[in-house]
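Okay, here's what each chain looks like letter by letter:
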Amino acid sequence: MRIDEAFQRLHAIHVEASGKRDMGAVAEVSQRYDELLNQAPDAVELLFAAATAHMQLGRNGLAIALFQKCLSIRDLPEVWNNLGTAYKAENLNEPARQCWLEALKRKQDAD
C-alpha cells in the first residue's frame, strides 16, 4: 500500500476516534503515523496529523516539535493554531498567544 493511501485510511480512523474521544484508538493511530513518518519524514499532512494526535494524547513537547517541522516546510494557519494549543496545554501562554495571532494573520476565521 502506498504511503498516501495508508495515510488517508489512518486519517479517517483518527477523525472518527477524535470525534468519539477514543484515546485508545488515537494512541494506536499515533503509533501508525510515526511508522509512516519513517518513510516520509517531510510529508506535511502526515506531520500535522501525527502532531495533532500526539497533542491529543498530552505529548505536547513532541507535538510542538512536529508542528514546528511542519511550519519549516509549509506555513499553514491550522498548524499555527494547533501549535498554540500545544503551547497553551503546557501553560506557555505567551508563545501560545503569538501562534494564535500568526494563525489569524493567515486566516481571519481561524479557530
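In what follows, the structure referred to is the one given above.
In this report, we go over the structure that sits alongside the text. (Residues numbered from 1 in each chain as written. Predicted model: local features only at pLDDT ≥ 70, side-chain atom pairs only at ≥ 80, totals over all residues. Heavy atoms only, no water.)

### Details of the packing of aromatic side chains
Aromatic rings considered in pairs are described by the distance between their centres and by the relative angle of their planes. So the rule is basically this: Centres within 6.5 Å make a pair out of two Phe, Tyr or Trp rings, where for Trp the six-membered ring is used; the pair is then stacked when the planes are under 30 degrees apart, edge-to-face when over 60, and tilted otherwise. Strands are runs of DSSP state E lasting at least 2 residues, helices are runs of H or I lasting at least 4, and numbering of each runs from the N terminus. Per-residue accessibility, obtained with a 1.4 Å probe over protein chains only, is compared with the maximum for each type, and a residue is labelled buried under 20%, exposed over 50%, and partly exposed between these values.
What the rule picks out here adds up to two aromatic pairs. When the ring of Phe7 is compared with that of Tyr33, the centres are 6.0 Å apart and the planes differ by 35°; the resulting orientation is tilted. Here Phe7 is found in helix 1 (residues 3-20), whereas its partner Tyr33 is found in helix 2 (residues 23-39), with 26 residues between them in sequence. The burial state of Phe7 is the same as that of Tyr33; both residues are buried. Summarising the aromatic geometry, the rings of Phe48 and Phe67 are spaced 5.9 Å apart at their centres and angled 55° between planes, so their arrangement reads as tilted.

### Some points on helix 5 (residues 77-89)
Our working rule: Helices are assigned an expected span. That span is 1.5 Å times one less than the residue count. Contacts are residue-level and defined by heavy atoms, with any inter-residue pair within 4.5 Å sufficient.
The end-to-end C-alpha distance of helix 5, which contains 13 residues, comes to 18 Å, matching closely the 18 Å that a straight helix rising 1.5 Å per residue would cover. All of the buried residues along helix 5 are Pro77, Val79, Trp80, Asn81, Asn82, Leu83, Gly84, Ala86 and Tyr87. Buried residues in helix 5 make contact with helix 3 (44-56), helix 4 (60-73) and helix 6 (93-106). Following helix 5 by one or two positions, Asn91 adopts a phi angle in the positive range, close to 60°.

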